[in-house]
Amino acid sequence: MLRTCRALLATLCLARGAGALAGPPAQDLVVFEAASLKEAFAALAVRFENAHPGVHVVTNAAGSQELREQIEHGAPADVFASADERHMHALVTAGWAGTPALFACNQPVVVVRNDLAALKTFADLPRAERIVVGAPEVPIGAYTNRILDRAAAKLGAAFPARVQAKIVSRELNVRQVLAKVVLGEADAAIVYRTDALAARGKVRVVEIPSDINVTAAYPIASLKRAPNPGLAAAFVGLVRSPSGTAVLREAGFVPCPTQ
């Protein structure tokens, strides 16, 4: 019995020693990000982890409306970055998010299959046989509707209806919209410039005239029920810092008019 107890004590001591050598368990910082932020935030996550040893950044990229719903249903998250102010405002009003700050803006563009030569300008969009857009509740879908409304004044009252008649799918996030064109399942789509850059070489870009286009504003905030509020504030600080801004610019994001 004594020999058994000594063996057990030795085992416990070895286990404790191994735990001490391994250090404290890693902390997870959970960031909910709009789908269009995927590449930029992946780069920022690496920088954050390098500056905060023992912290692991877990990212969840999806449509802003999907992320909002997950947060409203109690999903544990520390930070929310949205592709529009509408979904962020809803979370702030309901007491889920703290005070948001705009950190970047984006510009919608039309992406076209590389072999579709007939579509050269935005006015040519109705020539596409299969157009894909975001669903109305998705930021890129809401921006698309605003663009079509504004196009009516310049390209004719019938222009929005001509485009709508060619829409074959309304997707739940902008990356799903982009994928339809990349995979050849659609001829054209309206996405963000950053998405077009991420698919460089796989699609052709057609600009939307500035007097028709809109600006997509991206707010970020720590969540009120963040499991790690200190780390959440630090991550928001990184995103808004000069080094964070440089990463976003490289991905194609632009300064907001109010920045």
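Numbering of residues begins from 1 in every chain and follows the order in which that chain's sequence is written. In view of the model being predicted, local features appear only for residues whose pLDDT reaches at least 70, and side-chain atom pairs are presented and counted only at 80 or more, with totals across whole chains, interfaces and linings using the full set of residues. Hydrogen atoms and water are omitted, and side-chain values are computed over all heavy atoms in the structure.

A. Local environment of helix H3 (residues 64-72). Only protein chains enter the area calculation, which uses a 1.4 Å probe; residues under 20% of their type maximum are buried, those over 50% are exposed, and those in between are partly exposed. In DSSP terms, a helix is any run of H or I states spanning at least four residues, a strand is any run of E spanning at least two, and both are numbered starting from the N terminus. Listed in full, the buried residues belonging to H3 are Ser64, Gln65, Leu67 and Ile71. End-on, the buried residues of H3 take up no more than an arc of 160 degrees, which puts them together on one face. Every residue pair with non-hydrogen atoms within 4.5 Å of one another is taken to be in contact. Taken together, the buried residues of H3 touch strand S1 (27-34), strand S2 (55-62), strand S3 (79-81), helix H4 (85-93) and helix H5 (139-155). One or two steps after H3, the chain reaches glycine 74, where phi turns positive at roughly 90 degrees. Arc definition: directions from the helix axis to the C-beta atoms.

B. The arrangement of the environment of alanine 189 in detail. Counting through the fold element by element, alanine 189 comes out in strand S8 (residues 188-192). Remark: the alpha-carbon pair of alanine 189 and valine 112, spanning 77 residues in sequence, is separated by 6.7 Å. With sequence-adjacent residues up to four places away left out, alanine 189 is seen in contact with Val109, Val110, Val111, Val132, Val177 and Val181.

C. Structural view of the side chain of aspartate 124. Tracing the backbone shows aspartate 124 in the loop between strand S5 (108-112) and strand S6 (131-134). One polar contact links the side chain of aspartate 124 to the main-chain amide nitrogen of lysine 120, over a distance of 3.0 Å. In this structure aspartate 124 touches Ala118 and Leu119, once residues within four positions along its chain are discounted. Whenever a nitrogen or oxygen atom comes within 3.5 Å of another N or O atom, the pair is scored as a polar contact, on the condition that within protein one atom can donate a hydrogen and the other can accept it, and that pairs from neighbouring residues in sequence are kept only if both atoms are in side chains.

D. Looking closely at the nonpolar core. Ranked by internal contacts, the top residues of the largest apolar core, which has 69 residues, are Phe41, Phe103, Phe122 and Leu125. Per-element accounting of this core gives the leading share, six residues, to helix H9 (residues 229-240). Those residues in contact with phenylalanine 41 that sit more than four places away from it in its chain are Val31, Glu33, Ala81, Phe103, Ile220, Phe235, Val239 and Leu248. Only buried residues count toward a nonpolar core, which is a set of Ala, Val, Leu, Ile, Met, Phe, Trp, Tyr and Cys residues joined through side-chain atoms within 4.5 Å. Grouped together as the second largest cluster of nonpolar side chains are 13 residues, Val30, Ala62, Met88 and Leu91 included.

E. Structural context of H4. Along H4, the positions that sit buried rather than exposed are His87, Met88, Ala90 and Leu91. Burial along H4 is one-sided: seen end-on, the buried residues are contained in an arc of 155 degrees. Away from its buried face by more than 90 degrees, H4 exposes His89 and Thr93. Contact partners of the buried residues in H4: H3, S3, H5 and strand S10 (216-222). With a side-chain oxygen lying 3.3 Å from the backbone nitrogen of histidine 87, the N-terminal cap of H4 falls on aspartate 84. Note on H4: the residue one or two positions beyond its end, glycine 95, has a positive phi of about 85 degrees.

F. Fine view of the sheet that holds S10. One open sheet accounts for five strands, arranged S2-S1-S3-S10-S4; its pairing is mixed. Strand pairing shows two members of the sheet lacking a second neighbour, S2 and strand S4 (101-106), which therefore form its edges. Each strand axis lies, on average, 20 degrees off the axis of its neighbour in the sheet, ignoring direction. Bridge count between S3 and S10: three bridges; the pairing is antiparallel. Bridge assignment links phenylalanine 80 to a residue of S10, and that residue is alanine 221. Axes here refer to lines fitted to C-alpha atoms; in helices the fit is confined to the stretch in contact. Angles between the N-to-C directions go from 0 to 180 degrees. Relative to the sheet, helix H2 (residues 38-51) contacts S1, S2, S3, S4 and S10, its axis offset from that of S2 by approximately 170 degrees. Any two strands with at least two DSSP bridges between them are considered paired.

G. Just the packing of H2 against H9, in detail. Direction vectors running N to C along H2 and H9 enclose 120 degrees, while the axes themselves pass 11 Å from each other. In terms of axis orientation, H2 runs oblique to H9. Here H2 runs over H9; the crossing is right-handed. Facing Phe41, Leu44, Ala45, Arg47 and Phe48 of H2, the residues of H9 in contact are Leu231, Ala234, Phe235, Leu238 and Val239. Residue classes follow a fixed rule: Ala, Val, Leu, Ile, Met, Phe, Trp, Tyr, Cys and Pro count as nonpolar, while Asp, Glu, Lys and Arg count as charged, and any other residue, Gly among them, counts as polar. Split into classes, the residues belonging to the contact of H2 with H9 amount to nine nonpolar, no polar and one charged. Note on terminology: angles under 35 degrees are roughly parallel, angles over 145 are roughly antiparallel, angles of 65 to 115 are roughly perpendicular, and the others are oblique. We call a crossing left-handed when the near helix sits turned anticlockwise from the far one by less than a right angle, and right-handed when that turn is clockwise.

H. Layout of the pattern of salt bridges. A carboxyl oxygen of Asp or Glu within 4 Å of a side-chain nitrogen of Lys or Arg is what we treat as a salt bridge. Following the criterion strictly, the structure yields 12 salt bridges and no others. Put simply, aspartate 115 and arginine 113 hold a salt bridge, and the shortest N to O gap is 2.8 Å. In this structure, aspartate 187 engages arginine 130 in a salt bridge whose closest nitrogen and oxygen atoms are separated by 3.2 Å. With aspartate 187 in the loop between helix H7 (174-182) and S8 and arginine 130 in the loop between S5 and S6, the pair connects residues that are 57 residues apart, well separated along the chain. Each of Arg113, Asp115, Arg130 and Asp187 takes part in one network of salt bridges that share partners.

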